[in-house]
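Examining the three-dimensional arrangement
Listed below, chain by chain, are the residues.
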Amino acid sequence: MTNISREMFQTYLVAGTQNTGMDDFLNILEQALQAGITCFQFREKGAGSLQDSDAILKYATAAQALCRHYQVPFIIDNNLDLALQINADGIHVGQSDHPWHKIETAKAHGLITGLSCHTEQELHQSHNQPILDYIGIGPIFPTNSKEDAKPALGTNRLRFLTQQSELPV
(Lines give C-alpha, C1' and ligand atoms only; values in the text may rest on other atoms or scores of the structure.)
Protein backbone atom coordinates (compact mmCIF):
# COMPACT_ATOMS: atom_id res chain seq x y z
CA MET A 1 0.00 0.00 0.00
CA THR A 2 1.04 3.59 -0.64
CA ASN A 3 2.62 5.46 2.25
CA ILE A 4 0.02 8.04 3.37
CA SER A 5 1.25 11.60 3.93
CA ARG A 6 -0.27 15.06 3.98
CA GLU A 7 1.86 15.94 0.93
CA MET A 8 0.08 13.23 -1.08
CA PHE A 9 -3.11 15.30 -0.96
CA GLN A 10 -1.51 18.72 -1.51
CA THR A 11 -2.71 19.08 -5.11
CA TYR A 12 -5.62 16.66 -5.46
CA LEU A 13 -7.50 16.77 -8.75
CA VAL A 14 -11.06 15.39 -9.02
CA ALA A 15 -12.43 14.98 -12.55
CA GLY A 16 -14.22 12.78 -15.04
CA THR A 17 -15.21 12.98 -18.68
CA GLN A 18 -18.25 15.08 -17.74
CA ASN A 19 -15.82 17.87 -16.80
CA THR A 20 -13.67 17.80 -19.93
CA GLY A 21 -15.46 15.82 -22.62
CA MET A 22 -14.39 12.34 -23.62
CA ASP A 23 -12.00 13.49 -26.33
CA ASP A 24 -10.00 15.78 -24.01
CA PHE A 25 -10.13 13.91 -20.70
CA LEU A 26 -6.90 11.90 -20.91
CA ASN A 27 -4.94 14.77 -22.48
CA ILE A 28 -6.06 17.18 -19.74
CA LEU A 29 -5.26 14.60 -17.05
CA GLU A 30 -1.76 14.12 -18.47
CA GLN A 31 -1.21 17.89 -18.55
CA ALA A 32 -2.27 18.06 -14.89
CA LEU A 33 0.09 15.20 -14.03
CA GLN A 34 2.94 16.95 -15.84
CA ALA A 35 2.10 20.14 -13.93
CA GLY A 36 2.53 18.29 -10.63
CA ILE A 37 -0.78 17.11 -9.19
CA THR A 38 -0.09 14.80 -6.26
CA CYS A 39 -3.29 12.71 -6.31
CA PHE A 40 -6.09 12.07 -8.79
CA GLN A 41 -9.69 11.05 -8.13
CA PHE A 42 -11.67 9.62 -11.04
CA ARG A 43 -15.21 10.91 -10.47
CA GLU A 44 -17.48 9.83 -13.29
CA LYS A 45 -20.95 10.86 -12.17
CA GLY A 46 -23.55 13.53 -12.67
CA ALA A 47 -24.89 15.26 -15.73
CA GLY A 48 -22.93 14.43 -18.87
CA SER A 49 -21.05 11.53 -17.31
CA LEU A 50 -20.55 8.16 -18.95
CA GLN A 51 -23.30 5.66 -18.24
CA ASP A 52 -21.91 2.61 -20.02
CA SER A 53 -19.84 0.44 -17.65
CA ASP A 54 -17.46 -0.63 -20.44
CA ALA A 55 -16.74 3.01 -21.30
CA ILE A 56 -16.23 3.87 -17.63
CA LEU A 57 -13.82 0.93 -17.29
CA LYS A 58 -11.94 2.04 -20.42
CA TYR A 59 -11.41 5.61 -19.17
CA ALA A 60 -10.65 4.53 -15.61
CA THR A 61 -7.94 2.08 -16.70
CA ALA A 62 -6.41 4.62 -19.10
CA ALA A 63 -6.40 7.29 -16.39
CA GLN A 64 -4.93 4.81 -13.93
CA ALA A 65 -2.11 3.96 -16.37
CA LEU A 66 -1.26 7.66 -16.68
CA CYS A 67 -1.26 8.08 -12.90
CA ARG A 68 1.01 5.06 -12.48
CA HIS A 69 3.39 6.42 -15.10
CA TYR A 70 3.67 9.67 -13.12
CA GLN A 71 3.63 7.81 -9.76
CA VAL A 72 0.51 9.61 -8.56
CA PRO A 73 -2.12 7.79 -6.46
CA PHE A 74 -5.29 6.92 -8.40
CA ILE A 75 -8.49 7.14 -6.34
CA ILE A 76 -11.98 6.08 -7.48
CA ASP A 77 -14.98 8.10 -6.34
CA ASN A 78 -17.61 5.96 -4.61
CA ASN A 79 -17.45 2.97 -7.00
CA LEU A 80 -16.05 0.20 -4.83
CA ASP A 81 -16.60 -2.50 -7.47
CA LEU A 82 -14.59 -0.55 -10.04
CA ALA A 83 -11.84 0.28 -7.52
CA LEU A 84 -11.44 -3.41 -6.67
CA GLN A 85 -11.74 -4.56 -10.29
CA ILE A 86 -8.85 -2.42 -11.51
CA ASN A 87 -6.86 -2.48 -8.26
CA ALA A 88 -7.05 1.28 -7.76
CA ASP A 89 -4.92 2.87 -5.07
CA GLY A 90 -7.97 4.02 -3.15
CA ILE A 91 -11.61 4.97 -2.86
CA HIS A 92 -13.26 8.22 -1.79
CA VAL A 93 -16.85 8.36 -0.56
CA GLY A 94 -19.25 11.06 0.54
CA GLN A 95 -21.37 11.18 3.66
CA SER A 96 -24.47 10.01 1.76
CA ASP A 97 -22.73 7.20 -0.17
CA HIS A 98 -23.25 4.53 2.53
CA PRO A 99 -19.60 5.11 3.36
CA TRP A 100 -18.68 2.74 6.17
CA HIS A 101 -19.31 -0.58 4.40
CA LYS A 102 -17.39 0.66 1.35
CA ILE A 103 -14.55 2.06 3.45
CA GLU A 104 -14.26 -1.14 5.52
CA THR A 105 -14.21 -3.33 2.40
CA ALA A 106 -11.71 -1.06 0.65
CA LYS A 107 -9.42 -1.01 3.70
CA ALA A 108 -9.60 -4.83 3.92
CA HIS A 109 -8.24 -4.87 0.34
CA GLY A 110 -5.43 -2.45 1.20
CA LEU A 111 -6.89 0.62 -0.51
CA ILE A 112 -6.40 4.22 0.61
CA THR A 113 -9.69 5.43 2.11
CA GLY A 114 -11.09 8.94 2.07
CA LEU A 115 -14.31 10.57 3.23
CA SER A 116 -15.89 13.93 2.38
CA CYS A 117 -16.70 16.18 5.32
CA HIS A 118 -18.53 19.48 5.23
CA THR A 119 -19.13 20.26 8.89
CA GLU A 120 -17.14 20.24 12.10
CA GLN A 121 -19.43 17.47 13.42
CA GLU A 122 -18.70 15.23 10.41
CA LEU A 123 -14.99 15.91 10.79
CA HIS A 124 -14.98 14.96 14.49
CA GLN A 125 -17.02 11.81 13.79
CA SER A 126 -14.41 10.79 11.24
CA HIS A 127 -11.74 10.85 13.95
CA ASN A 128 -13.42 7.82 15.51
CA GLN A 129 -12.82 5.76 12.37
CA PRO A 130 -9.30 4.30 12.34
CA ILE A 131 -9.89 2.88 8.85
CA LEU A 132 -9.86 6.36 7.28
CA ASP A 133 -6.67 7.68 5.71
CA TYR A 134 -7.74 11.19 4.73
CA ILE A 135 -10.59 13.70 4.70
CA GLY A 136 -11.87 15.75 1.78
CA ILE A 137 -13.35 19.09 2.79
CA GLY A 138 -15.53 21.13 0.50
CA PRO A 139 -16.72 22.59 -1.60
CA ILE A 140 -14.56 25.60 -0.91
CA PHE A 141 -15.98 27.68 -3.76
CA PRO A 142 -19.41 27.57 -5.43
CA THR A 143 -19.55 24.74 -7.96
CA ASN A 144 -21.90 23.40 -10.58
CA SER A 145 -19.93 20.16 -10.96
CA LYS A 146 -22.32 18.41 -8.56
CA GLU A 147 -26.08 18.72 -8.61
CA ASP A 148 -26.24 18.15 -4.84
CA ALA A 149 -23.22 20.24 -3.83
CA LYS A 150 -23.26 21.68 -0.34
CA PRO A 151 -22.89 25.45 0.11
CA ALA A 152 -19.37 26.78 -0.42
CA LEU A 153 -17.30 26.89 2.78
CA GLY A 154 -14.73 29.48 1.75
CA THR A 155 -11.03 29.50 2.53
CA ASN A 156 -11.34 30.63 6.17
CA ARG A 157 -13.61 27.70 7.02
CA LEU A 158 -11.31 25.34 5.11
CA ARG A 159 -8.35 26.59 7.15
CA PHE A 160 -10.28 26.12 10.41
CA LEU A 161 -11.44 22.58 9.55
CA THR A 162 -8.00 21.60 8.30
CA GLN A 163 -6.49 22.73 11.62
CA GLN A 164 -9.10 20.63 13.46
CA SER A 165 -8.46 17.49 11.45
CA GLU A 166 -6.38 14.66 12.88
CA LEU A 167 -6.08 13.24 9.34
CA PRO A 168 -4.56 14.64 6.15
CA VAL A 169 -6.99 16.90 4.27
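Let me begin by describing the structure that accompanies this report. Worth saying up front: this structure is predicted, and the values here are computed from it rather than measured. (Residues numbered from 1 in each chain as written. Predicted model: local features only at pLDDT ≥ 70, side-chain atom pairs only at ≥ 80, totals over all residues. Heavy atoms only, no water.)

**Let's talk about helix α3 (residues 53-69)**
In this model, α3 (17 residues) spans 24 Å end to end at C-alpha, consistent with the 24 Å of a helix rising 1.5 Å per residue. Where α3 is concerned, the buried positions are Ala55, Ile56, Tyr59, Ala60, Ala63, Gln64, Leu66 and Cys67. Burial along α3 is one-sided: seen end-on, the buried residues are contained in an arc of 160°. Seen from the buried face of α3, the exposed residues on the opposite side, beyond 90 degrees, are Asp54, Lys58 and His69. Buried-residue contacts for α3 involve α1 (17-20), α2 (22-35), β2 (39-42), β3 (74-77) and α4 (80-85). Positive phi appears at Gln71, one or two residues downstream of α3, with a value of about 55°. (Helix = DSSP H or I, 4+ residues; strand = E, 2+ residues; numbered from the N terminus. Expected span 1.5 Å × (residues − 1). Buried < 20%, exposed > 50% of the residue type's maximum accessible area, 1.4 Å probe, protein only. Arc of directions from axis to C-beta. Contact = heavy atoms within 4.5 Å.)

**What to know about the environment of Ser126**
By secondary structure assignment, the location of Ser126 is in helix α6 (residues 120-126). Looking at Ser126, the relative accessible area reads 1%, which means it is buried. For the pair Ser126 and Asp54, spaced 72 residues apart in sequence, the C-alpha separation works out to 34 Å. Setting aside anything within four residues of it in sequence, one finds Ser126 in contact with Leu115, Cys117, Leu132 and Ile135.

**Description of unusual backbone geometry**
The peptide bond linking Gly138 to Pro139 adopts the cis configuration, its omega dihedral lying at 0°. In this structure, Gln71 takes a positive phi of about 55° despite not being glycine. Within the secondary structure layout, Gln71 lies in the loop between α3 and β3. Among the residues examined, Gln71 registers a relative accessible area of 73% and is labelled exposed.

**Description of the nonpolar core**
Nonpolar side chains tend toward joint burial in soluble globular proteins. By size, the foremost hydrophobic cluster in this structure holds 40 residues, and its most contacted members are Phe40, Phe42, Phe74 and Ile76. For this core, the leading source of residues is α3, giving 7 residues. With near-sequence residues (within four places) excluded, Phe74 lies in contact with Phe40, Phe42, Ala60, Ala63, Gln64, Cys67, Ile86, Ala88, Asp89 and Gly90. Judged by nonpolar contacts, the second largest core, of 6 residues, contains Phe9, Cys39, Ile75 and Ile112. (Core = buried A, V, L, I, M, F, W, Y, C linked by side-chain atoms within 4.5 Å.)

**Quick look at helix α5 (residues 99-108)**
Restricting attention to buried positions, one finds in α5 the residues Pro99, Lys102, Ile103, Thr105 and Ala106. In an axial view of α5, the angular spread of the buried residues amounts to 165°, which keeps them on one side of the axis. The exposed residues of α5 that point more than 90 degrees off its buried face are His101 and Ala108. Considering only its buried residues, α5 is in contact with α4, β4 (90-93) and β5 (112-117). Downstream of α5 by a residue or two, Gly110 has a phi angle that is positive, lying close to 85°.

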